[in-house]
Amino acid sequence: MMSKQTEPFRNLRRRSVEERRGSLDEVYSFDREESDATGGQSSLLEIADLMVETAVGSNPLPIGLATNFRIDGLTYNIPMATEEPSVVAAATFAARIVGGSGGFRTYTSEPVMKAQIFLEEASAAAEEILTDRRDEIGSRVDRILSSLKDRGGGFRGLQTRRLARTGVLRVHLLIDVRDAMGANILDTAAEGLRGYLEELTGGRALMSILTNAAYERKTGAAFSLPLERLAHGYRTPLEPTEVARRIVLASEIASEDEERAVTHNKGIMNGISALALATGNDTRALEAASHAWASHGGRYRSLSRYEVREGILEANLELPLAFASVGGAVGFHPATRYCLRILGHPDAKRLARIAAALGLAQNFAALLALVTEGIQRGHMRYHAARVAYAAGARGREIRRVAEALSATGDFSRKKAQSILLSLRDSEESGDKPEAQGIGADQ
Ligand code: NAD
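Residues numbered from 1 in each chain as written. Predicted model: local features only at pLDDT ≥ 70, side-chain atom pairs only at ≥ 80, totals over all residues. Heavy atoms only, no water.

Our focus in this paragraph is the pattern of salt bridges. For side chains bearing opposite charge, pairing can occur when the charged atoms are close. Counted by the stated rule, this structure contains 24 salt bridges. A salt bridge links Lys149 to Asp142; its shortest N-O distance comes to 3.7 Å. A residue is classified by how much of its surface remains accessible, and Lys149, at 45% relative accessible area, is partly exposed. Within this structure, Glu110, Arg156, Asp176, Arg178 and Lys349 form a network of salt bridges that share partners. (Salt bridge = Lys/Arg side-chain N within 4 Å of Asp/Glu carboxyl O. Buried < 20%, exposed > 50% of the residue type's maximum accessible area, 1.4 Å probe, protein only.)

Another aspect to go through is empty space enclosed by the protein. Inspection of every chain in the model, using the stated rule, returns 2 cavities of 30 Å³ or more. Its boundaries defined by the atoms lining it, the largest cavity holds a volume of some 50 Å³. Per-element tally for the lining of the largest cavity: the top contributor is helix α12 (residues 283-294), with 3 residues. In terms of residue class, the lining of the largest cavity is made up of 9 nonpolar, 1 polar and no charged. Considered as a void within the structure, the second largest cavity measures approximately 30 Å³ in volume. Every residue lining the second largest cavity is listed: Thr108, Ser109, Pro111, Arg217, Leu321, Phe323, Ala348, Lys349 and Ala352. Residues belonging to the lining of the second largest cavity are distributed by class as follows: 5 nonpolar, 2 polar and 2 charged. (1 Å grid on protein atoms, 1.4 Å probe; cavity = no way out; pocket = protein on both sides within 12 Å on 5 of 7 lines; lining within 4 Å. Points joined across faces, edges and corners; volume = space filled by probe spheres on them. Helix = DSSP H or I, 4+ residues; strand = E, 2+ residues; numbered from the N terminus. Nonpolar A, V, L, I, M, F, W, Y, C, P; charged D, E, K, R; others polar.)

Our focus in this paragraph is the packing of aromatic side chains. For any pair of aromatic rings, the description rests on two quantities: the centre-to-centre distance and the angle between the ring planes. Throughout the structure, instances matching the rule amount to 6 aromatic pairs. Between Phe104 and Phe223, the ring centres sit 5.7 Å apart and the planes meet at 85°, which makes this aromatic pair edge-to-face. Of this pair, Phe104 sits in the loop between α5 (87-99) and β3 (105-108) while Phe223 is found in strand β8 (residues 218-226), placing the two residues 119 residues apart along the sequence. Relative accessible area serves as the criterion here: at 0%, Phe223 is assigned to the buried category. A connected cluster of aromatic rings, assembled from ring pairs, spans Phe69, Phe104, Phe223 and Phe364. We note Arg140 situated over the ring of Tyr196; from NZ or CZ to the ring centre the distance is 3.6 Å. (Phe/Tyr/Trp six-rings, centres within 6.5 Å; stacked < 30°, edge-to-face > 60°. Lys NZ or Arg CZ within 6 Å of the ring centre and 35° of its normal.)

In this section: the sheet that holds strand β6 (residues 169-176). Across the sheet, 4 strands lie side by side as β5-β6-β4-β7; this open sheet has antiparallel pairing. Sheet topology places β5 (154-162) and β7 (204-211) at the edges, where each strand pairs with a single neighbour. Strand-to-strand twist of the sheet, defined as the mean angle between neighbouring strand axes without regard to direction, takes the value 20°. One ladder, built from 8 bridges, connects β5 with β6; its direction is antiparallel. Counted as the bridge partner of Arg162 is Leu169 from β6. In this fold helix α7 (residues 134-144) packs onto β5 and β6, with an angle of close to 130° to the strand it touches most, β5. Against the sheet, helix α9 (residues 183-201) contacts β4 (112-120), β6 and β7, and its axis sits at roughly 155° relative to β7. (Pairing = 2+ DSSP bridges. Axes fitted to C-alpha atoms, helices over the stretch in contact; angles between N-to-C directions. Contact = heavy atoms within 4.5 Å.)

Residues in close proximity to the ligand total 19 residues, the closest being Gly182, Asn184, Asn212, Asp282 and Gly328. With respect to the ligand, the backbone of Met181 contributes an N or O atom lying 3.1 Å from an oxygen atom. Residue Gly182 places a main-chain N or O atom 2.6 Å away from an oxygen atom belonging to the ligand. Alone, the ligand offers 870 Å² of accessible surface; in the complex the protein occludes 68% of this. Considering each element in turn, the shell around the ligand owes the most residues, 4 residues, to α9. For the shell around the ligand, the residue count by class is 8 nonpolar, 6 polar and 5 charged. (Near = heavy atom within 4 Å. Polar contact = N/O pair within 3.5 Å; in protein donor to acceptor, adjacent residues only side chain to side chain. Areas by Shrake-Rupley, 256 points an atom, 1.4 Å probe, with all protein chains shown as cover.)

Attention shifts here to the packing of helix α2 (residues 17-28) against helix α4 (residues 42-51). Running from amino to carboxyl end, α2 crosses α4 at an angle of 100°, the nearest separation of the two axes being 10 Å. Judged by the inter-axis angle, α2 sits roughly perpendicular to α4. Taken together, the residues of α4 that come into contact with α2 (itself represented by Val17, Glu18, Arg20 and Arg21) are Ser42, Leu45 and Asp49. Of the residues that constitute the contact of α2 with α4, the class distribution is 2 nonpolar, 1 polar and 4 charged. (Parallel < 35°, antiparallel > 145°, perpendicular 65-115°, else oblique.)

A few words on α5. If you check α5, its first and last C-alpha atoms are 18 Å apart, about what 13 residues at 1.5 Å a residue would give, namely 18 Å. Of the positions making up α5, those classed as buried are Val87, Val88, Ala91, Phe93, Ala94, Ala95, Ile97 and Val98. The elements touched by buried residues of α5 are β1 (63-71), β2 (74-81), β8, α11 (258-278) and α14 (348-370). (Expected span 1.5 Å × (residues − 1).)

And the structure:
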């Protein structure tokens, strides 16, 4: 068994992506759906092969469209790549409520990122020397990044700090990366400057790389919702003032209780990461930065805030968002071009602002559901559809079996199979399938 498993993986890197897939198929005997879903068209395989090492396929996540977002007076339909059911519907739902009251207001800073260079054994005067040579350091950075400089970006500042415990000198190069995320740009600049900084400080460079913290590159979103709009379209017997009170309390709890805050912020990232994935942005960088920012005050807390002022629910979100509209996979993979086109080809700052609004929408929808009817009802609807599919339902059967499962409250595959059989039987005989609960009201 071992040799059969090992052989197809030998020298995998040197073979073509089609050959790799053929070899894997010999071992795993993929079914047609599995093969089609990861292989699809050979052009996509070629792209996958250009994007990562030892590519054997691509992973086509669903792209859903969160519709009719009013952001800074403009309307957006936002593509979201996600595997999680109900995320897209929740965003659209929040956009509808918020859109009726002016929509989202957003802001963002200039796209400044930081490269870090760590110098061991730098002289005692190193910090002073570097500060004196700031302009020369800046010119060198701009020469290395000349095309970025031509685009209006480039060197923006220098920071130095002796790290207390290790005594290592940390040098920050602040660089405006314009529409890029900036990782390679910053790493190029930092590596290019290492020798010069060693010369100036008498130190030895240990490592140089950007920091993903991106604290200089923050984006915010806000909305103001008159309380009477709060219950709009929502099934709750609660008065809007009570719903608002509960939302505010829930957000205060997310500031007070770390373990609640993690889930609260995860909900925000449900939106932001889905947009990042749809547009080819680096989800890990965005996630790392947002969670670091959530704990920058010394304690992990919620990224968003809610309060009621003069009968209006005020919501705010601010976080570091290093979104790119060029570079890396953004615009390279055709799926990202599809999504950027739907968004009207935003620049990086606009994309970050859309992301912040989406994150806040996601957060608001989750809080609203949590403090009223709970989130399970919405989730189970999608879960039921997937159980129906796994039980063999196809086409229109899926919805009918899912509805029947929801009506019975039994979401087992066995139940789905039995409903499916009965549906097919009744369709063959021309009977109405009500007896099994199929078609029952949702
Ligand atoms: P990149 O390497 O593709 O560089 C951006 C390119 O876009 C540059 O060549 C630049 O000249 C060009 N460009 C064209 N128009 C531009 C504009 N308007 N503004 C700015 N640049 C413009 O991309 P990057 O942003 O330097 O690096 C991002 C990639 O690096 C991502 O794939 C990321 O995952 C990866 N990465 C991340 C880390 C990390 O986060 N720690 C580390 C290494 C690499």
